[in-house]
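# Inside the fold
As a plain string of letters, each chain reads:
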Amino acid sequence: MQNPSFKDLLPLVGKPSRYIGTEVNSIHKDLDKVDIKIALAFPDVYEVGMSHQGLQILYHILNSFPYVAAERVYAPWLDMEKLLRERDLPLSSLESNLPLREFDILGFSLQYDLCYTNMLNMMELAGIPLWASERGESFPLIIAGGPCAFNPEAVADFLDAVLIGDGEEALPEIVEICRNWKLRESEGGKLGLLKALAEIKGMYVPSFFDASYNDDGTMEEIRPKYDGYPKVEKRIVADLNTVPYPDKPIVPSMQIVHDRVNLEVTRGCTRGCRFCQAGMTYRPTRERTPEKLQEIAEKALRSTGYEDLSLLSLSTGDYSCINELLANLMDRYSDDKVAISLPSMRVDTMSPELISEIKRVRKTGFTMAPEAGSERLRDVINKGIKEEDLLNALQQVFEAGWESVKLYFMIGLPTETDEDILAIAELSGKAMKICRKLRGKNVTAAVATFVPKPHTPFQWEQQIGIEETRRRHDLLKKELKKKGVSFKWHDPAMSELEGVFARGDRRLSKVIARAFELGCRFDGWGEVFRRDFWQRAFEDCGIDPLFYLRKRGFEETLPWDHIASGISKNFLRLEAKKSYDKIFTPDCRDE
């Protein structure tokens, strides 16, 4: 049953285009003619979710099956939520305006730890019980995937199943199992469905595992309830050229964060930065061929009218055919004034050939990520960038016509001292001198707080607290101001909460539920974030958040140890030890 009143709310909200759902290249199917309906849910606002390429990929793959209808839903902003609650209207999908409660599957893309209360809000607005144990087979199957899925324990009790790793091949298998189960009139009940799903490589069913804890609060073990369920192994697409990629992406109905054609050239990274979860969990590195990429680009630009094309990767310059691809794309589209951006460039991949092609690109902002100000600390994190190389690359960038550069750094990295903090200002100041010399406009130092992430060599490290973060911010502000460098930083309280959830366990689910009950929403948005509500939630649940920021022992059982990311714990332990001796681990392609 559709919900005709939902669209009536559009004139009453601040950005109605978030909810229209009639965009160019969106897919609208007759729901009476499909066997399975799946809502792809992004627990943030439309303009953020529409910038996420993974959701677009899955949307087009699933809709290629005639018996599946895949639709989208994004987190409603506060004004829309208020109206939905006042009028007792359910949250609905964009394409058909169908209440989420009536879908077979509700699949959440968990990209960021601070989206968890939004996920609960979307479920509650849909009339779906939050706790998996309270949902029978009459409710949609609630599954999740994305980077946070590599440790989903903080929200495990809300989810029926979690997909670990790549979704292009796994999600159609999930849908097929659900379809067959449904056609067999729910044979075996929900337990039967979950057991069938658990047979898919990459699928984790949290209710099939029990967690226990030691007297000191550390984890004792997490063990399967049933025989035959050992570690959950990450799902990997072996060849990106064999899986579909959207050549008719949805054109948003409003300005979004990344409003362009996004072309994933490579998945994975061989660099081995010790803080980087994506660099570890997306291994092995896989590439699309230049021919395939040019074919997708041609169709996508023609079907959307975009004049911007972005080459996506964790390190675009490491793509083995980058010079050939960029030259061909520039030759093809320069007369059409199509801008080509390379948002993830490493300093040591800025070859003369690449610079000569980059000079032909429309100039916007250019970003580089030294991560640490001192060479010593860059050695600790295995970044492998010399200051001289960075400054030479910056000179080439400004000479090529860029007017502004953003430098990304982290504070709170293992072994960091005040000297390392001041080195951020020194390096940024040298960049500013180059900028002024070559008539550029500005340099920005963007600083985030280091959050230890699961499945990385730094997963055992301590995270600095709020007060220490602020002290280091103050140190930087003073020095950067002297050098005329703009300074942007991440809210320390948000970083603390991210750190709690990143390495959290199932005991946190009651904290998240309580915070949601108190009114927490959009915890990654500074104007909405309520630290006081979160403090109360932790207090009400008798949990100390600082427990999750502490340093862990190498032999300690970690909440995510039952999830196999493809990188052994022994390797991570060895890399952690090498970091303290500043021993560089070379790019695995060079070994």
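Residues numbered from 1 in each chain as written. Predicted model: local features only at pLDDT ≥ 70, side-chain atom pairs only at ≥ 80, totals over all residues. Heavy atoms only, no water.

### A closer look at the overall build of the chain
- Helix and strand counts for the chain stand at 18 helices and 19 strands.
- For the chain, whose C-alpha radius of gyration is 24 Å, the value lies close to the compact-globule estimate of 25 Å for 591 residues.
- C-alpha extents for the chain along the principal axes are approximately 70 × 65 × 50 Å.
- Within the chain, residue pairs in contact and separated by at least 24 positions form 77% of the contacts whose partners lie at least 6 positions apart.
- Just so you have it, the chain exposes about 23600 Å², and 50% of that area is on carbon and sulfur atoms.
- Separation of charge centres in the chain, based on 80 positive and 92 negative side chains, amounts to 4 Å. (Helix = DSSP H or I, 4+ residues; strand = E, 2+ residues; numbered from the N terminus. Rg over C-alpha atoms; globule rule 2.2 N^0.38 Å. Contact = heavy atoms within 4.5 Å. Areas by Shrake-Rupley, 256 points an atom, 1.4 Å probe, with all protein chains shown as cover. Lys, Arg positive; Asp, Glu negative; His and termini not counted. Charge placed at Lys NZ, Arg CZ, Asp CG, Glu CD.)

### With respect to the side chain of Lys453
- With respect to the helices, strands and loops of the structure, Lys453 is situated in the loop between strand 17 (442-449) and helix 14 (466-483).
- Within the structure, the side chain of Lys453 is placed 3.1 Å from the side chain of Glu498, a separation counted as a polar contact.
- Setting aside anything within four residues of it in sequence, one finds Lys453 in contact with Asp113, Gln277, Gln459, Glu498 and Ala502. (Polar contact = N/O pair within 3.5 Å; in protein donor to acceptor, adjacent residues only side chain to side chain.)

### Brief notes about helix 9 (residues 322-333)
- The end-to-end C-alpha distance of helix 9, which contains 12 residues, comes to 16 Å, matching closely the 16 Å that a straight helix rising 1.5 Å per residue would cover.
- Its buried side turned inward, helix 9 meets helix 8 (290-304), strand 13 (308-312), strand 14 (339-341) and helix 10 (352-358). (Expected span 1.5 Å × (residues − 1).)

### Quick word on the environment of Tyr19
- Tracing the chain through its elements places Tyr19 in the segment before strand 1 (36-42).
- Once you skip the residues sitting within four places of it in the chain, Tyr19 turns out to touch Phe6, Lys7, Leu10, Val13, Pro76, Trp77, Asp79, Met80 and Leu94.
- Within polar-contact distance, the side chain of Tyr19 engages the backbone nitrogen of Trp77 at 3.0 Å.

### Describing the packing of helix 8 against helix 9
- Relative to each other, helix 8 and helix 9 sit at 30°, their axes nearing to 10 Å. Considering their axes alone, helix 8 and helix 9 lie roughly parallel with respect to each other. Every pair of crossing elements has a handedness; the one defined by helix 8 and helix 9 is right-handed. Taken together, the residues of helix 9 that come into contact with helix 8 (itself represented by Pro290, Glu291, Leu293, Gln294, Ala297, Glu298 and Leu301) are Glu324, Leu325, Asn328, Leu329, Arg332 and Tyr333. (Axes fitted to C-alpha atoms, helices over the stretch in contact; angles between N-to-C directions. Parallel < 35°, antiparallel > 145°, perpendicular 65-115°, else oblique. Left-handed = near helix turned anticlockwise from the far one by under 90°.)

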